[in-house]
Amino acid sequence: MILPACAATPTQLPHPPKSASPISLPNQTHFTFSTTNSNTNQSLFLRHTTKYTDPIVAWTTSIAHYCKSGRLVKAASEFVQMREANVEPNHITLITLLSACAHYPSRRSISFGTTIHAHAHKLGLDVNDVMVGTALIDMYAKCGRVYSGRLVFDQMGARNLVSWNTMIDGYMRNGEIENALQVFDGLPLKNAISWTALIGGFVKKDYHQEALECFREMQVAGVAPDYVTVIAVIAACANLGTLGLGLWVHRLVMTQDFRNNVKVSNSLIDMYSRCGCIELARQVFDRMPCRTLVSWNSIIVGFAVNGLADEALNYFNSMQKEGFEPDGVSYTGALMACSHAGLIDEGLRIFENMKRVRRIAPRIEHYGCLVDLYSRAGRLEEALNVMKNMPMKPNEVVLGSLLAACRTQGDIGLAENVMNYLIELDPGGDSNYVLLSNIYAAVGKWDGANKVRRRMKERGIQKKPGFSSIEIDSSIHKFVAGDKSHEENDHIYAALELLSFELQLCGYVPDISGKESYEDD
C-alpha cells in the first residue's frame, strides 16, 4: 500500500512486526506483511512498505493536512486516534499541532495546546528538543499566555537563536516591552531577526520613535537589515512623518538585493503618500517591475488623501483595465477621492457598483465615506439618513465627520443629536466635547459652550493639549501651545513674531472663535 505524501527513511522501521496483526494507519485499509514470496522479493517488499507506511509518518501527514487547512478540531481527532492506535507521536507531530494552535489562537487552541505540552513533557521533548520547546513558546505567546512560554524557555535544556528570537517576539507581541528588552540584552549573538522582533514590536504597539532608535542601534552594531526590518522602519517613518529618514531608508533599499521587493515598494508608496510627497510615491509605483493589488490600493488611497481625486479615480480605472479586481480597500480609496472632490453622483455610482456588480458587502469605512461625502457637500440630512440606515452602529470616525460638518454649517440641533451618540460610544473622549463647545461659540451661544465645559468637569474629562511637530535632520520636534521648554525657544519665538507681523501686513485676521470658552484651561 503506497502513501505518496509520506517521506520516512527506511531506518525508522527496520524490521516488520513479528506478529501478523495489522498496523493502524489513518483512513487506510489494514494490511499484513506477506511471507509467501522468495527471499529477494520479500526484501524488496519490506523496503518498499517500510519507506511509505511508517505509521508515525502516515499519521503526521494526515494531521498536517488538517492543520494547514485550519481544521484544528479534525487534527485533534486524528491525534487522539493516533494515540488509540498505540502509535507514539514524534517531535514533528507535536510541532505540527503546536504550530496550528499558534496560527489559529482561541480558547480551544490554547486548551488543546496545553494538552500537547503535557504529552511533550511526558516524552521529555519540551526540555530536550529545542524545536518542540520553541514551538511551545510560540504557541503560548500567540495565544496570549506569554508567561507560560517563558517557563518553557527557562526550562529548556538547550536554546538556539530561534528560541531566543521567539521569546523576544512573544514578549513584544503581548506588550511586555521591558521583559523583551531584558531577554534581548541577554542574547549572546543578535542577528537581523532579533533586531526586527524589537523594531516590529515597537511599531505594532505605536512606539515609533523607539523603533527608529532601535534601528539606529542596529546600524551601529553592524547588523544588516533584511526586507522585514526595512518594512517596519518605513512604517515608523510614515507614522511619525519623518520624511528625511524615510528618504535615507529608500536610498539604503536601492543598494540591497531586495530593492525590487514588492512589499518594500508598497511600504514606500504608503510612506511617501502619508508624508505628502505623492509624486515620489508615484515614481516608486511607476518603477515597480511587478505590482499587486496592494500596490494599486496604496497609490489610489495616497492620491485620495492628498486631495488628487482625478488621479485617484484614473488609477482606480486603470487597475481594472489591467485585470485587477478591486476589493474593499480599492473602493474606500475611490470613495474617499469623490468625497474630497465633492463628486457626489460619482461616489454614489461607485458605491452601488461595489454592492451590485462586485458583490462586496459595504463595511463601516464605506458608509463613513458616504457620510463624509454628503457632509462635505453640506447635505447633512442625507448624511444623517445614511448613518441611521447603516447595518452596523456608527463609530467615532463616522460621527466625528458628521459633527465636524455641523460646525461648518452651524447646525446646532444636529450637532447635539450626534453628540449624544458620541457620548454613548466614547464617554471619556475630550475632542468631541471641545468640538461641540466650539460649535456653540462659533454662533455666539456661550451658555451652550459653558454647559459643555461644566459637563466635562463633572465627568472628570480634561482637554488634552494638542501639539504640532516638525522634522529637522531626521529628528522630530514636538510643541504644545505656550511651550517654552525647547532649547531653541528664543529663536523660535522670534521667528514666530516675525511671521505673525508679516501675516498681519497681508491682511490676515486669526479666527479666535471658541477661545473664550477654554482660555483658562
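Here, every reference points to the structure presented above.
Here the residue numbering is sequential within each chain, running from 1 through the sequence in written order. Restriction of local features to residues with pLDDT of at least 70 applies here, the model being predicted, together with a cutoff of 80 or more for giving and counting side-chain atom pairs; totals for whole chains, interfaces and linings are based on all residues. Each side-chain value is worked out from all heavy atoms of the structure, with water and hydrogens disregarded.

**What about the packing of helix H19 (residues 328-341) against helix H20 (residues 344-356)?**
For helices, the axis comes from a line fit to the C-alpha atoms of the stretch in contact; other axes are also lines fit to C-alpha atoms, and the angle between any two N-to-C directions lies between 0 and 180 degrees. Segments assigned H or I by DSSP are reported as helices when at least four residues long, segments assigned E as strands when at least two residues long, and all are numbered from the N terminus. Interaxial distance between H19 and H20 falls to 9 Å at its minimum, and their mutual angle equals 165°. Relative to H20, H19 is oriented roughly antiparallel. Relative to H20, H19 is oriented so that their crossing is left-handed. Of H20, the residues touching H19 (which contributes Tyr331, Ala334, Leu335 and Cys338) are Glu346, Gly347, Ile350, Phe351, Asn353 and Met354. For this classification, Asp, Glu, Lys and Arg are treated as charged, while Ala, Val, Leu, Ile, Met, Phe, Trp, Tyr, Cys and Pro are nonpolar and the rest, including Gly, are polar. Along the lines of polarity and charge, the residues of the contact of H19 with H20 split into seven nonpolar, two polar and one charged. Oblique is the label for any angle not under 35 degrees, not over 145, and not in the 65 to 115 range, which are roughly parallel, roughly antiparallel and roughly perpendicular in turn. When the near helix sits turned anticlockwise from the far one by under a right angle, the crossing is termed left-handed; a clockwise turn instead gives a right-handed crossing. Should any heavy atoms of two residues lie within 4.5 Å, those residues are counted as being in contact.

**With respect to helix H10 (residues 177-186)**
The complete set of buried residues in H10 reads Ile177, Ala180, Val183 and Phe184. Projected down its long axis, H10 carries its buried residues within an arc of 125°, all on one side. Among the exposed residues of H10, those oriented more than 90 degrees off its buried face are Glu178, Gln182 and Asp185. Looking at the packing, one finds that the buried side of H10 touches helix H8 (146-155), helix H9 (161-173) and helix H11 (192-204). Relative accessibility decides the category of a residue: with a 1.4 Å probe and only protein chains considered, values under 20% of the type maximum give buried, values over 50% give exposed, and everything between is partly exposed. It is the directions from the helix axis to the C-beta atoms whose arc is reported.

**Let's talk about the packing of aromatic side chains**
Aromatic pairing here means that ring centres of Phe, Tyr or Trp (its six-membered ring) are within 6.5 Å. Orientation follows from the plane angle: under 30 degrees is stacked, over 60 is edge-to-face, and everything else is tilted. Considering all chains together, one arrives at 12 aromatic pairs under this definition. Taken together, a centroid distance of 6.5 Å and an interplanar angle of 80° make the contact between Phe202 and Tyr207 edge-to-face. On the basis of relative accessibility, which here comes to 38%, the residue Tyr207 falls in the partly exposed class. Taking 5.0 Å as the distance between ring centres and 45° as the angle between the ring planes, the aromatic pair formed by Phe303 and Tyr315 counts as tilted. Highlighted residues: Phe303 in helix H17 (residues 293-305) and Tyr315 in helix H18 (residues 309-321), separated in sequence by 12 residues. There is no split in this pair, since Phe303 and Tyr315 are both buried. Against the face of Phe153 rests Arg159, its NZ or CZ located 4.2 Å from the ring centre. One Lys or Arg, Arg291, reaches over the ring of Phe285 and ends 4.3 Å from the middle of that ring. For a ring to carry a charge above it, either NZ of a lysine or CZ of an arginine must fall within 6 Å of the ring centroid while also lying within 35 degrees of the normal to the ring plane.

**Here we look at the packing of helix H12 (residues 208-220) against helix H14 (residues 243-254)**
Contact geometry for H12 and H14: axes closest at 13 Å, N-to-C directions at 40°. For the element pair H12 / H14, the angle class is oblique. For the element pair H12 and H14, the recorded crossing hand is left-handed. Only Leu245, Trp248, Val249 and Leu252 of H14 make contact with H12, whose side of the interface consists of Leu212, Phe215, Arg216 and Gln219. Considered class by class, the residues forming the contact of H12 with H14 number six nonpolar, one polar and one charged.

**Some points on the nonpolar core**
Generally speaking, soluble globular proteins have nonpolar side chains that are buried together. Met139, Ile299 and Leu402 are the most contacted members of the largest nonpolar core, which has 136 residues in total. Not counting residues within four places of it along the chain, the set of residues in contact with Met139 comprises Leu98, Cys101, Ala102, Ile110, Gly113 and Thr114. Here the nonpolar core consists of buried residues drawn from Ala, Val, Leu, Ile, Met, Phe, Trp, Tyr and Cys, with membership extended through side-chain atoms lying within 4.5 Å.

**What to know about unusual backbone geometry**
Phi angles above zero are rare outside glycine, and Asn86 is one such case at about 60°. Locating Asn86 in the fold gives a position in the loop between helix H3 (72-84) and helix H4 (91-103). The backbone of Arg359 sits at a positive phi, close to 60°, despite the residue not being glycine.

**As for H18**
Multiply 1.5 Å by the residue count of a helix minus one, and that product is the helix's expected span. Taking 1.5 Å of rise per residue, the 13 residues of H18 would be expected to cover 18 Å, and the 19 Å separating its terminal C-alpha atoms lies within 8% of that figure. Residues Ala309, Ala312, Leu313, Tyr315, Phe316 and Met319 constitute the buried set of H18. Take H18 and look down its axis: the buried residues cluster within an arc of 160°, on one side only. When the buried face of H18 is taken as reference, the exposed residues oriented beyond 90 degrees from it are Asp310 and Lys321. In this structure, the buried side of H18 is in contact with helix H16 (278-286), H17, H19 and H20. Note on H18: the residue one or two positions beyond its end, Gly323, has a positive phi of about 95°.

**Topic: the pattern of salt bridges**
For salt bridges, the criterion is a side-chain nitrogen of Lys or Arg within 4 Å of an Asp or Glu carboxyl oxygen. Scanning the model with the defined rule gives 14 salt bridges in all. With its nearest N and O atoms 2.8 Å apart, the salt bridge here joins Arg349 to Glu346. Placement of both Arg349 and Glu346 in helix H20 is noted, with a separation of three residues, approximately one turn of the helix. Among the salt bridges present, the one from Asp372 reaches Arg376, with a minimum N-O distance of 2.7 Å. Residue Asp372 and its partner Arg376 are located together in helix H21 (residues 364-376), separated by four residues, close to a single helical turn. Relative accessible area serves as the criterion here: at 17%, Asp372 is assigned to the buried category.

**Details of the environment of Cys101**
Mapped onto the secondary structure, Cys101 falls in helix H4. On the basis of relative accessibility, which here comes to 0%, the residue Cys101 falls in the buried class. Separated by 12 residues in the primary sequence, Cys101 and Gly113 have C-alpha atoms spaced 6.2 Å apart. Ignoring sequence-local partners within four residues, the contact set of Cys101 consists of Leu72, Ser109, Phe112, Gly113, Met139 and Cys143.

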